[in-house]
Amino acid sequence: MAKNMKEKMLKTFTEVFGDAEGVKLYFAPGRVNLIGEHTDYNGGHVFPCALTIGTYGAVRKRNDNKLRFYSMNFDKLGVIESSLEDLKPCKEAGWTNYPKGVMWAFGEKGMKVPCGMDFMLNGNIPNGSGLSSSASVEVLTGFVLRDLFGFEVSNQELALIGQFSENQFNGVNCGIMDQFAIAMGKAEHAIFLDTADLSYEYAPVRLAGAKIVIACSNKKRGLGDSKYNERRSECEEALRELQKVMDIKALGDLDEETFEANCNAIADEVRVRRARHAVYENRRTIKAVEALKRNDIELFGKLMNQSHVSLRDDYEVTGIELDTLVEEAWKVDGVIGSRMTGAGFGGCTVSMVKDAAIDNFIEQVGKAYKEKIGYEADFYVVEIGDGPVVL
Ligand code: GLA
């Protein structure tokens, strides 16, 4: 697989940029979040893992300041040209706003990119699926800049720079989860990250006799035009209201009981539900990781299911596509747990499915989805992979 990919990349690079002299190849994964959704900007816990699918890059330095971008996923767009003197976001620049944003962010952090690049990508994460194709491109770009120009930044800093670029350059107020999961990924492990202070722990995900299956709704979503930023402000407002009656830094500081005893400080019923999700989901994440450590996969699955219900009813970020995938999954024998994953409003679900049930799961859920929604869902049995690498 990796060898074929290398050959394919070098061949295309040569076709697009004339030759492949001096080019280096890279890979950064995508991610899936097992539990802990919409908690990362609320000072709570998340439990994501890197995948073995992701973004491949072929990059070489240039002798001028030009940036020439090409994506094998958007081949019809051809080469998109820009320059290091023009690192500004613009609509026409399309996907190149992600690598450009990271180059800009390095400059802002005192690491000016010294020369231009021929920069080609090829991703095998389904686009707009909620498996963080954009964070994957961001971390890949940071990793490439460090490798080519010797900047002294840790993987954790690469994650923070990626998030900074997404917030400041691309206008999405995302939390740290995606970039962190990608930059810090470790095969066969998920990352139990406390977003309040970025302390983290790797937890082995040993699903004896079961696998992680991702179902992609094929309902496209872009975070920028979704209600993501709106949810974030609702939580911030609820926090300000709670802070009038108690001394907390974030919703993630609260347990369920303390929240219930104080939630009447939040003036609006909708904001109560948003905050309730943030508080309960954080607690569920802590409990789920404890369950996994005890090898209590059944409980882990139940907590995944509860997570979905909360995202559907209290946080309202699911929609008919994701609800159909999850509710149909719950009907299938051998499904340990199933929930939407990522920002929501489209994108993917993540399920834990017993090996013997996987074929049936794909058939049954796929059929019901097509009947109800009118188009197909795609299914991927995935593996947990490592962070970014030079190939
Ligand atoms: C997106 C954001 C993350 C996180 C999730 C929801 O993936 O990029 O920071 O907030 O949504 O959990």
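Look up: the structure comes first, before these words.
## Points about the overall build of the protein
Check the secondary structure of the protein and you find eleven helices and 13 strands. A globule of 391 residues ought to have a C-alpha radius of gyration of about 21 Å, and the protein, at 21 Å, matches this closely. In terms of overall dimensions, the protein has C-alpha extents of about 65 × 50 × 40 Å along its principal axes. Once local pairs closer than 6 in sequence are excluded, the contacts in the protein between residues at least 24 apart make up 72%. By element, 47% of the accessible surface of the protein is carried by carbon and sulfur atoms, the whole surface being about 16200 Å².

## Looking at the packing of helix α9 (residues 297-313) against helix α10 (residues 320-330)
Pairs of packed helices are described in terms of their axes, by the angle between the two and the distance that separates them. Orientation of α9 relative to α10, taken along the N-to-C sense of each, is 150°, at an axis distance of 11 Å. Judged by the inter-axis angle, α9 sits roughly antiparallel to α10. Handedness of the α9/α10 crossing: left-handed. Only L322, D323, V326, E327 and W330 of α10 make contact with α9, whose side of the interface consists of N305, H308, V309 and R312. The class makeup of the residues in the contact of α9 with α10 is four nonpolar, two polar and three charged.

## Side note on unusual backbone geometry
Of note, the phi angle at E316 is positive, near 50°, even though the residue is not glycine. Take E316: it is sitting in the loop between α9 and α10. E316 gets classed as partly exposed once you look at its relative accessible area, which sits at 38%. With phi around 55°, F345 is a residue other than glycine that occupies positive phi space. Relative to the elements of secondary structure, F345 occurs in the loop between β10 (335-341) and β11 (348-354).

## Some details on the sheet that holds strand β12 (residues 378-382)
Taking strand neighbours across the sheet as the criterion, the four strands line up as β10-β11-β9-β12 in an open arrangement whose pairing is antiparallel. Edge positions in the sheet fall to β10 and β12, since each has one partner strand and no second. Each strand of the sheet is rotated relative to its neighbour by a mean of 20°, with strand direction disregarded. Pairing between strand β9 (residues 210-216) and β12: five bridges, direction antiparallel. Bridge assignment links I212 to a residue of β12, and that residue is V382. Those strands touched by α9 are β10 and β11, and its axis lies near 35° from that of β10.

Parameters and conventions
Residues numbered from 1 in each chain as written. Predicted model: local features only at pLDDT ≥ 70, side-chain atom pairs only at ≥ 80, totals over all residues. Heavy atoms only, no water. Helix = DSSP H or I, 4+ residues; strand = E, 2+ residues; numbered from the N terminus. Rg over C-alpha atoms; globule rule 2.2 N^0.38 Å. Contact = heavy atoms within 4.5 Å. Areas by Shrake-Rupley, 256 points an atom, 1.4 Å probe, with all protein chains shown as cover. Axes fitted to C-alpha atoms, helices over the stretch in contact; angles between N-to-C directions. Parallel < 35°, antiparallel > 145°, perpendicular 65-115°, else oblique. Left-handed = near helix turned anticlockwise from the far one by under 90°. Nonpolar A, V, L, I, M, F, W, Y, C, P; charged D, E, K, R; others polar. Buried < 20%, exposed > 50% of the residue type's maximum accessible area, 1.4 Å probe, protein only. Pairing = 2+ DSSP bridges.

Nothing here speaks to function; it is all geometry.
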